[in-house]
Amino acid sequence: MKTIAIFFSWMLLGCLSILLMATNAHESQNSLVGKWTEQKWEYETDSTKVPLTSLQTTQNPTMPMQVIRHQAEVWDFQPNGTLRIASALVQKEAKWSLKGRANVLVLAYPDGQQEHYQVTQIDDKSLVINFESQIQARGIAKLTFTRQ
Amino acid sequence: MLRKLNINRTPTDNLQLGVITAFVSGMVNIASLLLFFAFSSNVTGHFAILAAEIVQGDWYQMSVVFSWIFLFMIGSFTANFIVIRLNKINTYLAHALPLVIEIICLLGVGIYGDLFYAETLAETELLMSIMLFSMGLQNGLTASISNFSIKTTHLTGITTDLGILFSMLMHPDFKHNKEIKIRCQLLLSIMIAYVTGGILSGLCYYQLYFKLFYVVAVLLSGVIAYDLYRVRITKFIHKRQLQTSLNTVHPSRSSSWRNWSIKAKKSLTLPTLRDDSRLLTQD
């Protein structure tokens, strides 16, 4: 009887940890909802770390081909999982989701193209994401947003 | 694979179990990486992340990683709990039950992902938790029944052991040691199976997505079915041998084997009852 009680108390602890995680997940996902304005787009591997403003274009030979450059855009994360990206030049929509332990932002475009970003920092005012080229390494392109 | 425990296990038993479960782990690990961007079978990395999150003070992510590690441990706890509790009743059942739970968990992930998954964070973390629990179950089971000689969900220990064993094989004293060679063969097979499972999972991912878990469930069911078949065959052979030996000892009773066995049982039980009653009267 005692062993069964021990077994079930372990199971209960496991269930509690899952419950706690699921409850907080909703909160974590909601922290991204809202409009974010892109401030900076920079190469982290570049030693000079020159920030690229909205209309600057710099050719970098180390840049992977699949990187989509987002310039001076407003990202509107909606609670239903839709992301509206808008700028003077671009208007597009994608599906957004957080994966892993809320550390990976996945954008899926209607044409099947996907972008993965590592969520480096998020608080009430700012959002910093890194383009993710590999799961274990931080991406070279860093995007900084501020909440509107 | 599942019928024997610890010292009764042959290298072939360990090899069969090790290869199939390592293949499954490789598949599940890569599937979780591609679907949820997190590893489900190796916990060492999660410990490193936990430490990093503590340093950064990100309590939410820290709690998530801690829960995953904890669930992996609960999986291992459950597997060993079942093995040591049920082993005296039925060895096969004790060893098959954790695998049955693992199949249910992974099938659950597959079915939910295939039909209901809306890509919310809560779902992702819940499904990851179930996968980590099932990997803990598998690792606990294989380690428990093989006397800790095989662990199939991660390769850190195996790589270390292989390095040690290879260095031993370079030494003239151990060069022809058969046990070391068998152990090397076992560990290499586990390593290859894990990597092969991962590659296959990566190749099939874009066609199957969550249906990958159905393949995993079929593989694990194969292990259970194979051993059930072997248990039944062994029982049948044992029964036939017993019958043949009894027929040679008591040829007159060969036609009524069942009657004879009932009588034999009665003759064995009665004196025991009498002894018990004698003991009671003495008290």
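Here the structure is shown first, and the text comes after it.
Here's what I pulled together on the structure shown here. (Residues numbered from 1 in each chain as written. Chains lettered and ligands numbered in written order. Predicted model: local features only at pLDDT ≥ 70, side-chain atom pairs only at ≥ 80, totals over all residues. Heavy atoms only, no water.)

Before going further, it helps to examine the overall build of chain A. Helix and strand content of chain A: one helix and eight strands. Overall, chain A shows an N-to-C arrangement of helices and strands of α-β-β-β-β-β-β-β-β. Contacts in chain A between residues at least 24 apart in sequence constitute 42% of all its contacts with a sequence separation of at least 6. For chain A, the accessible area works out to roughly 8,400 Å², and carbon and sulfur atoms hold 58% of it. (Helix = DSSP H or I, 4+ residues; strand = E, 2+ residues; numbered from the N terminus. Contact = heavy atoms within 4.5 Å. Areas by Shrake-Rupley, 256 points an atom, 1.4 Å probe, with all protein chains shown as cover.)

The strand order around the closed barrel built from eight strands is β1-β2-β3-β4-β5-β6-β7-β8 (chain A), with neighbouring strands paired in antiparallel fashion. With strand direction ignored, the average angle separating the axes of adjacent strands in the sheet is 35 degrees. (Pairing = 2+ DSSP bridges. Axes fitted to C-alpha atoms, helices over the stretch in contact; angles between N-to-C directions.)

Take the pairing of strand β8 (residues 141–147) of chain A next. All names here are of chain A. The element β8 is largely enclosed, with a buried count of five among its seven residues. Of the strand pairs in this sheet, strand β7 (residues 126–131) and β8 are connected by five bridges, and their pairing is antiparallel. Each residue of the ladder has a partner; that of Leu 127, found in β8, is Phe 145. (Buried < 20%, exposed > 50% of the residue type's maximum accessible area, 1.4 Å probe, protein only.)

Turning to the pattern of salt bridges, a few remarks are in order. A full pass over the atoms with the stated rule returns five salt bridges over all chains. Between Glu 53 of chain B and Arg 101 of chain A there is a salt bridge whose closest N-O contact spans 3.2 Å. Here Arg 101 of chain A lies in the loop between β4 (91–99) and β5 (104–108) and Glu 53 of chain B lies in helix α2 (residues 44–56), a pairing that spans two chains. In this structure Glu 53 of chain B comes out as buried when scored by relative accessible area, which is 4%. Residue Arg 101 of chain A is classed as buried on the basis of its relative accessible area, which comes to 14%. Residue Lys 211 of chain B is joined to Asp 114 of chain B by a salt bridge in which the shortest nitrogen-to-oxygen separation is 3.5 Å. Here Lys 211 of chain B, found in the loop between α7 (178–208) and α8 (212–249), pairs with Asp 114 of chain B, found in helix α4 (residues 91–115); they are 97 residues apart in sequence, far enough to count as distant. Judged by relative accessible area, Lys 211 of chain B falls into the partly exposed class, the value being 37%. (Salt bridge = Lys/Arg side-chain N within 4 Å of Asp/Glu carboxyl O.)

Residue and element names in this part refer to chain B. Its 25 residues give α4 an end-to-end C-alpha distance of 36 Å, which sits within 8% of 36 Å, the value for a rise of 1.5 Å per residue. Taken as a whole, α4 carries its principal kink of about 25 degrees at Leu 97; the proline Pro 98 stands between one and four residues after it. Two to three positions downstream of the cap, the backbone nitrogen of Tyr 92 sits 3.0 Å from a side-chain oxygen, assigning the N-cap of α4 to Asn 90. (Expected span 1.5 Å × (residues − 1). Bend = angle between axes of the 7 residues up to and from the residue. Polar contact = N/O pair within 3.5 Å; in protein donor to acceptor, adjacent residues only side chain to side chain.)

Checked against the element boundaries, Glu 115 of chain A lands in strand β6 (residues 114–122). A distance of 2.5 Å separates a polar atom in the side chain of Glu 115 of chain A from a polar atom in the side chain of Tyr 117 of chain A.

The next thing to look at is the interface of chain A and chain B. If you look at the interface, chain A gives 27 residues, while chain B gives 31 residues. With both sides pooled, the region where chain A packs onto chain B buries about 2,700 Å², and carbon together with sulfur makes up 73% of that total. Among the residues of chain A in contact with chain B, Trp 10, Met 21 and Arg 101 of chain A are the three that bury the most area, contributing 28% of the side total. Taken together, chain A and chain B are joined by two salt bridges. (Buried area = accessible area lost by both parts, 1.4 Å probe.)

With respect to the helices and strands, the residue Phe 8 of chain A is situated in helix α1 (residues 2–30). Considered as a pair, Phe 8 of chain A and Tyr 117 of chain A are 109 residues apart in the sequence and their alpha carbons are 40 Å apart.

Next up on the list: a nonpolar patch on the surface. A cluster of nonpolar side chains, contributed by Leu 12, Leu 13, Leu 16 and Leu 19 of chain A, occupies part of the molecular surface with about 420 Å² of accessible area. Inspection of the secondary structure assignment puts Leu 16 of chain A in helix α1. (Patch = residues over 30% accessible without salt bridge, like charges linked within 9 Å, V, L, I, M, F, W, Y side chains within 5 Å.)

A separate point is unusual backbone geometry. A negative phi holds for most residues other than glycine; trans holds for most peptide bonds. A positive phi angle, close to 70 degrees, is found at Ala 102 of chain A, a residue other than glycine. With respect to the helices and strands, Ala 102 of chain A occurs in the loop between β4 and β5. Residue Ala 102 of chain A is classed as buried on the basis of its relative accessible area, which comes to 8%. At Glu 119 of chain B, a residue that is not glycine, the phi angle is positive and equals roughly 60 degrees. Note that Glu 119 of chain B resides in the loop between α4 and α5 (121–145). Assessed through its relative accessible area of 35%, Glu 119 of chain B is described here as partly exposed.

Residue and element names in this part refer to chain B. The geometry of α2 relative to helix α3 (residues 59–86) is characterised by a closest axis approach of 9 Å and an angle of 155 degrees between their N-to-C directions. As the angle between them shows, α2 and α3 are arranged roughly antiparallel. In the packing of α2 onto α3, the handedness of the crossing is left-handed. Residues His 46, Phe 47, Ile 49, Leu 50, Glu 53 and Ile 54 of α2 touch α3, and the partners they reach there are Gln 61, Met 62, Val 65, Phe 66, Trp 68 and Ile 69. Partitioning the contact of α2 with α3 into residue classes produces nine nonpolar, two polar and one charged. (Parallel < 35°, antiparallel > 145°, perpendicular 65-115°, else oblique. Left-handed = near helix turned anticlockwise from the far one by under 90°. Nonpolar A, V, L, I, M, F, W, Y, C, P; charged D, E, K, R; others polar.)

Let us look at the packing of aromatic side chains. Within this structure, the stated rule accounts for 16 aromatic pairs over all chains. With 4.6 Å between their ring centres and 15 degrees between their planes, Trp 10 of chain A and Phe 77 of chain B make a pair best called stacked. One end of the pair, Trp 10 of chain A, is in helix α1; the other, Phe 77 of chain B, is in helix α3, on a second chain. A relative accessible area of 25% means that Trp 10 of chain A is categorised as partly exposed. Here the aromatic rings of Tyr 112 of chain B and Phe 116 of chain B are separated by 5.7 Å at their centres, their planes lie at 45 degrees, and the arrangement is tilted. Connected via pairs of aromatic rings, a cluster forms that spans Trp 75, Phe 77, Trp 96, Tyr 117, Phe 131 and Phe 145 of chain A. The ring of Phe 81 of chain B has Arg 85 of chain B sitting right over it, with the charged end atom 5.4 Å from the ring centre. (Phe/Tyr/Trp six-rings, centres within 6.5 Å; stacked < 30°, edge-to-face > 60°. Lys NZ or Arg CZ within 6 Å of the ring centre and 35° of its normal.)

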